[in-house]
Structure formats: C-alpha cells, structure tokens
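This is what each chain is made of:
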Amino acid sequence: MASVSEMYDVTWEEMRDKLRKWREDNHRNSEQIVDVGEELINEHASKLGDDIWIIYEQVMIAALDCSRDDLAWTCLQELKKQFPGSQRVKRLAGMRLEALEKYEDASKQYDSILQDDPTNTAARKRKISILKAQGKSAEAIRELNEYLEQFVGDQEAWHELSELYINEHDYGKAAFCLEELMMTNPHNHLYCEQYAEVKYTQGGLENLELSRKYFAQALKLNNGNMRALFGLYMSASHIAASPKVNATVKKANVKYAAWATNQINRAYQVSHARYLL
Amino acid sequence: MSIKLTTQAYCKMLLHAAKYPHCAVNGLLVAEKQKEKKKDSHSTPILCVDCIPLFHGTLALAPMLEVALTLIDTWCKENKYVIAGYYQANERTKDFRPNQVAEKVGARIAENFSEAAMIMVDSTRFTMGCYEPILAIYDHHENKWKCRDCNADCFEDWCEAQKITSALLEGRSYESLIDFDNHLDDLRNDWTNPEINKSVLHLC
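Residues numbered from 1 in each chain as written. Chains lettered and ligands numbered in written order. Predicted model: local features only at pLDDT ≥ 70, side-chain atom pairs only at ≥ 80, totals over all residues. Heavy atoms only, no water.

The name an unreviewed UniProt entry assigns to chain B is ER membrane protein complex subunit 8, from the organism Salmo salar. Here chain B is described in UniProt, under the heading Subunit (unreviewed entry), as follows: "Component of the ER membrane protein complex (EMC). EMC8 and EMC9 are mutually exclusive subunits of the EMC complex." The UniProt entry for chain B carries the following text under Sequence similarities (unreviewed entry): "Belongs to the EMC8/EMC9 family." (UniProt positions renumbered as here; feature names shortened; annotations may be inferred.)

Per an unreviewed UniProt entry, chain A is named ER membrane protein complex subunit 2, and its organism is Hucho hucho. Word for word, the UniProt comment on chain A under Sequence similarities (unreviewed entry) is "Belongs to the EMC2 family." In the Subunit (unreviewed entry) part of its UniProt record, chain A is described as follows: "Component of the ER membrane protein complex (EMC)."

Structure, rendered in structure tokens:
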C-alpha cells in the first residue's frame, strides 16, 4: 500500500504540521491520525526532535480509537521509557485498559494516580468516562456534579455534563450547564445556539421565546451559524402560531420568521443549493 | 406490513455509522410513493430505496430535527418519495435497544405512513466484511414497537448489498458521506450524497 507521503505528495514537515493542527483543534479523525502519525514515527522519528513525545501520545490515543493495540502498545512503551513514573503516561496506560474494556484494571490505575495526586483532574475524568462507557449514566452524572463542585471552571466538564443531561432528557439541568458556559464564554455563539436548542426542546411559550432570543444572540455573534438561523425561523413561527399570544407579539414573530426565511433563501442561493423553503 | 431495503439504503446507513463510530447517529429511510392503495397492499413489502443520514452526536434535541423533517419532506414530495422509516445507532456499541428518541421519531413518521419501520443498528456485529445483516427492524403495532428478525429476506438483494457495502467500507467511502449535520455546517454539503449513490450504482 502506498505511503501517505506518496499518496498525497506531502513532506514529513507537512505531516508533522497537520498532526499539530489536529491536536490543537482536538479533532477526533483517528484513522487519519494513525495513517499520518504511524508513517511519521516509522520513517522520520529522528527528525522530529522533542515533538516526537507529544506525537506518540496523540497517535496512541488515535490508535486506541482504531483498535490498533499494536501501535498503541509501541507508543506507550516509548513514552514509558522516556518518562518513567509519569502520571500523564500512567493515564495513557489506563486509557489503553479502557479500550480493552478492562474497566476494573483501568479504574485501579486511575485510583493509583489519585492516591499520589488527589487533584489530578485527568484521572478523575477518566473514571467518569468509564461510568459513561458502562452505561451508568446516573452515576456518571453524580460523579461529574461532584467533580464540578471542586473544579468549577472546567468547561469541558460542564459541556460533558450538559450532554449527559440532554441524553437523559433532563433539559432543565442541561440548560443550567449551558448557562454556566455562556456566562464564562459570552462570545461563544455555539453555546448560545445549543442553549436555544435546549430551551426549544423543553417547550412551552416562555421557553420558545427564550430560545428565539438566544438563537438571535447566536446569530449576532456569528451570522453564518445556520442552526441559529433555522432555529430563529422555527421558534418565531411556533410563537406566531400559538393561540396564547396577543396580536402584537404574533405580528412581531411573523416578521422575525419572514426575515429568517429571507436570510435562509439567500444563504442557499449563495451556496448554489437548489432547496428553498 | 414489512419493509425491504435496497443496497443504496443499507449502504448509506452503515457508512453513516462507520463515519462516526464514537457517536450516536440517526437518519431516515424513504420509499417510492405508491400510486394507488391496492386492496392487498399489506402483502407487498415496502421497498426503502434510499437513506438520508441526519445527525451524529446529540440526537435528543428538537429544533434541527424538525428542520430536517420539513426539508426532507419537501424533497420527498418533489421526488415522489415518502418517509417510510427511521434508523438509529446508539453511542455505546453494546446498546442497541430503541430509546425515547427513536420511539418518538418513529411514532411521528408512523402518523404519516402507517407501515413505518424503526431500525436499530447492532454495532457489535458490525464488520468490514458485512457478512450478516446487522439491523433490528421494529414495526409499529397498536402503539408499541415489535421487533422482527432481520435476515436476507429484508433486502432487495442481500448478496449485492453485502458485497457493495463491504467494498465501500474498505474504500473508506464513509469519509465523504454527508449527513444533515454536515449540511448545516456548510450548505454546500449535499445530504442526498450523489457521489456515493454513483459509487453504489457503479459497483452494481
């Protein structure tokens, strides 16, 4: 089979830079990472300098995603040799056990990290991931709540909790988590838009009006957010159609919906797609 | 009261699940609109000719689902199709029971199409070789969903479906599969997946 560098006509530097970009964007394109990373490690290890260690870590995690335990094991051994006794490497060993579904052994691994360092957030979050993997949603939610009481600023954790609540259809609590995220990230249009979706799903006139406001806010922050635009149309339409609103509110929402329709059609025209509302 | 799947429908379902192995995925199945209601229509199986992949990740939020159903319904009318089914693959491999989302969407589709089917993908049996059908098909009976065994009879041509799906998986065609989420990220992404349809036809 042709190598990545042959197939895509790229140099090893470009491959290394691509890996860095995927690392920074936290992309979970594991198959690509394994393809590019494995070749980089096998053919160009000596040229990578100190970058190689973080690449081993990145490739190892991607390898676990692709059931490439052979590759994951190799990366882990190199990291163990270079960083003996490291908590970070111990966590990777734990993740490998998780991938092999050896959850008890993985849990013990994380417990040993926490014994040495009770504030190790990575180990605590892995333990919660194990609960999630085992389908123990209620426990995962409980543990994550406890974690957040201590580590109130952990945005990744707040977002994970909002998703867990959404999957349990507990939209009120999911909204609370997103409110936390919006407070600390007022310019993030994605949190605004997700909050609006949760409110919409909760239903009822008040929540619909709130959802419309937050869809509008998300659009203000990023006028290319199509979900926000569609959401604005849907929420305004539903409000206008509700028997509980007075004529003024109805008129206003009909206007918002019409504006949104216009913007949606424009967006489709610009993208040369053929579907119009 | 039974549905059959074409190769194209089955293929795209599996490609969708393969593209996002770490997420829950869902989508719709469409069938050709029957011209007139035959007296013995319950004995001829409904043929699901195509599949529209919808979302990956969080499936339990309403607004984008409603948008998708509206747009796809319009597209169906233009193409003389009808939404005939819903499929879902859960986030956890070992979990292949229908959940509240599946039942709700399934029921909504059944309101407009009485023979609607709900399909759950069994990821534990998902292999590159596709040696056996990995679906569990549920029919709507008296407000409950009853599971029916899925074997080669549920396909227009199982051998063809097996061969082509396997070939597309090996060729990593799932990397270019577009679902409705991808469309919302960039309107130029076409959720009818014409390129993949071409590949399927090409391999037939």
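Picking up after the structure, the text goes on.
> What is the right way to look at the domain arrangement of chain A in this model?
Per the domain assignment, the segments making up chain A are domain 1 (1–99) and domain 2 (169–276). Of note, the centres of domain 1 of chain A and domain 2 of chain A, computed from C-alpha atoms alone, are 41 Å apart. (Domains from an automatic or database assignment.)

> I tried to follow the interface of chain B and chain A on my own but got confused; where do I start?
Think of interface size as the accessible area that goes away when the parts come together; that is how it is often given. Counting from both sides, the interface comprises 29 residues of chain B and, opposite them, 31 residues of chain A. Summing both partners gives a buried area of about 2,700 Å² for chain B against chain A, and 58% of it is carried by carbon and sulfur. Linking chain B to chain A there are six salt bridges. We note a salt bridge from Arg227(A) to Asp185(B), for which the minimum N-O separation is 2.9 Å. Across the chain B-chain A interface, the total number found is eleven residue pairs in polar contact (both at pLDDT 80 or more). (Contact = heavy atoms within 4.5 Å. Buried area = accessible area lost by both parts, 1.4 Å probe. Salt bridge = Lys/Arg side-chain N within 4 Å of Asp/Glu carboxyl O. Polar contact = N/O pair within 3.5 Å; in protein donor to acceptor, adjacent residues only side chain to side chain.)

> How should I be thinking about the packing of aromatic side chains in this particular structure?
In this description, an aromatic ring pair is defined by two values, namely the gap between the centres and the angle between the planes. Residue and element names in this part refer to chain B. By the definition in use, this model includes 13 aromatic pairs over all chains. Pairing Trp 75 with Trp 191 gives two aromatic rings, centres 5.4 Å apart and planes at 75°, and the pair type is edge-to-face. Placement of the pair is Trp 75 in helix 2 (residues 63–78) and Trp 191 in the loop between helix 5 (180–185) and helix 6 (194–203), with a sequence separation of 116 residues. Taken as a pair, Trp 75 and Trp 191 share a single burial class, namely buried. Geometrically, the ring pair formed by Phe 155 and Trp 158 is tilted, given 4.8 Å between the ring centres and 50° between the ring planes. Take Phe 155: its relative accessible area is 2%, and that puts it in the buried class. (Phe/Tyr/Trp six-rings, centres within 6.5 Å; stacked < 30°, edge-to-face > 60°. Helix = DSSP H or I, 4+ residues; strand = E, 2+ residues; numbered from the N terminus. Buried < 20%, exposed > 50% of the residue type's maximum accessible area, 1.4 Å probe, protein only.)

> Explain helix 3 (residues 30–44) of chain A to me, please; I cannot follow it from the model alone.
What sets the pattern is the α-helix's 3.6 residues per turn: residues three or four places apart point alike. Residue and element names in this part refer to chain A. Taking 1.5 Å of rise per residue, 15 residues should cover 21 Å, and helix 3 covers 20 Å from first to last C-alpha, within 8% of that figure. Turning to helix 3, its buried residues are Ser 30, Ile 33, Val 34, Val 36, Gly 37, Glu 39, Leu 40, Ile 41 and His 44. Buried residues along helix 3 sit against helix 1 (4–8), helix 2 (12–24), helix 4 (51–65) and helix 5 (69–82). (Expected span 1.5 Å × (residues − 1).)

> Before we go on, may I ask you to explain the pairing of strand 3 (residues 46–56) of chain B in this structure?
Where a strand is regular, its side chains alternate between the two sheet faces. Residues and elements named next belong to chain B. Most of strand 3 is tucked away, with ten of its eleven residues classed as buried. Of the pairings in the sheet, the one linking strand 1 (residues 3–5) to strand 3 comprises three bridges and is parallel in character. Paired with Ile 3 across the bridge in strand 3 is Ile 46. With seven bridges joining them, strand 2 (residues 25–32) and strand 3 adopt antiparallel strand pairing. By the bridge assignment, Asn 26 is partnered in strand 3 with Phe 55. (Pairing = 2+ DSSP bridges.)

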